[in-house]
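# Chains, contacts and geometry: an overview
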Amino acid sequence: MRDWLQQLETRDRRALLAAAVALVLAGFYFLLWQPHVNAREHLADTVREQRATRAWMEAAAREAAELREGGSGAAPRASGRSLLGLVDGTARAAALSQSITRMEPQGEDSVRLWLTRAPFDKVVDWLATLQKRHGIRVVTMNLEREKDAGLVSGRIAVGYTEGA
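Just so it is clear, the model here is predicted, and its values are computed rather than measured. (Residues numbered from 1 in each chain as written. Predicted model: local features only at pLDDT ≥ 70, side-chain atom pairs only at ≥ 80, totals over all residues. Heavy atoms only, no water.)

### Description of the packing of helix 3 (residues 83-93) against helix 4 (residues 120-134)
Let me state the cut-off plainly: In this analysis, axes come from line fits to C-alpha atoms, helices being fitted only over the stretch in contact, and the angle between any two N-to-C directions falls in the range 0 to 180 degrees. Numbered from the N terminus, helices here are DSSP runs of H or I no shorter than four residues, and strands are runs of E no shorter than two. An angle counts as roughly parallel when it lies under 35 degrees, as roughly antiparallel when it exceeds 145, as roughly perpendicular when it falls between 65 and 115, and as oblique in every other case. Helix crossings get a hand from a simple test, with the near helix turned counterclockwise from the far one by less than a right angle marking a left-handed crossing and a clockwise turn marking a right-handed one. Between two residues, a contact is recorded if the distance between any of their heavy atoms is within 4.5 Å. Following the grouping adopted for this structure description, the nonpolar residues are Ala, Val, Leu, Ile, Met, Phe, Trp, Tyr, Cys and Pro, the charged ones are Asp, Glu, Lys and Arg, and the polar ones are all others, Gly among them.
Contact pair helix 3 / helix 4: the axes reach a minimum separation of 10 Å and the direction vectors enclose 130°. Taken together, helix 3 and helix 4 sit at an angle that is classed as oblique. Seen along the crossing, helix 3 lies across helix 4 with a hand that is right-handed. Contacts between helix 3 and helix 4 involve Leu86, Val87, Thr90 and Ala91 from the first element and Trp126, Leu130 and His134 from the second. Classifying every residue of the contact of helix 3 with helix 4 by side-chain character gives five nonpolar, two polar and no charged.

Here it is in structure tokens:
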């Protein structure tokens, strides 16, 4: 090999040496450096995802603790408003009154209502408001998806929970 290199002209030897150096540098970059950088970026992405998951879990744990401490959330019973009036008023505030086709009381502690083509997101937000602010929970719910995206129809019964 050495004899062969000696037989080459100086210009060819330099070109061969430059090609060898370029090959070593390319090998270093593609075999060592780039995989290291890719692995680091992947780990950084994983850390970001894990932090987001942790933040979500901590928020959910706080909410669960608040719900556990709050018990049934029965404060609104003393407000003097009937359950039917409270459900109707909050439904109007949630812009669901046009979707409610029928509403009837089931004793003093429960109200049954029928929805037609109601926006599902608004229904869920309304039910969450009833539970968080007024201590009213879903007793039964039977909703069916409409052909139009995001709309549902069906029956919901809500009422105060035991111990409220």
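There's plenty left to go through after this.
### A closer look at the confidence of the model for the chain
Definition in use: What pLDDT conveys is the predictor's confidence in a given residue, as a value from 0 to 100.
For the chain, per-residue confidence averages 87 on the pLDDT scale, and residues scoring 70 or more make up 91% of the total. Here helix 1 (residues 2-7) stands out as the element of the chain with the lowest mean pLDDT, 83, in contrast to strand 2 (residues 110-119), whose mean of 93 is the highest. A low-confidence stretch, residues 72-76 (pLDDT under 50), is modelled with 13 contacts involving residues beyond four sequence positions or located in other chains.

### Quick word on the side chain of Ser153
Applicable threshold: Under the scheme applied here, a residue whose accessible area is under 20% of the maximum for its type counts as buried, over 50% as exposed, and between as partly exposed, the area being computed with a 1.4 Å probe on protein chains only.
On the secondary structure map, Ser153 appears in strand 4 (residues 151-160). We classify Ser153 as buried; its relative accessible area is 13%. Here Ser153 is in contact with Leu115, Thr116, Arg117, Asn142, Leu143, Glu144 and Glu146, once residues within four sequence places are set aside.

### Considerations on the environment of Thr90
Here Thr90 is to be found in helix 3. Distance in space between the C-alpha atoms of Thr90 and Ile100 is 12 Å, their sequence separation being 10 residues. With near-sequence residues (within four places) excluded, Thr90 lies in contact with Trp126, Leu130 and His134.

### Quick notes on unusual backbone geometry
For Ala95, which is not glycine, the phi torsion reads 60° and is therefore positive. Overall, the relative accessible area of 48% leaves Ala95 in the partly exposed class. A positive phi is found at Arg117, a non-glycine position, where the angle reads about 50°. Mapped onto the fold, Arg117 is located in strand 2.

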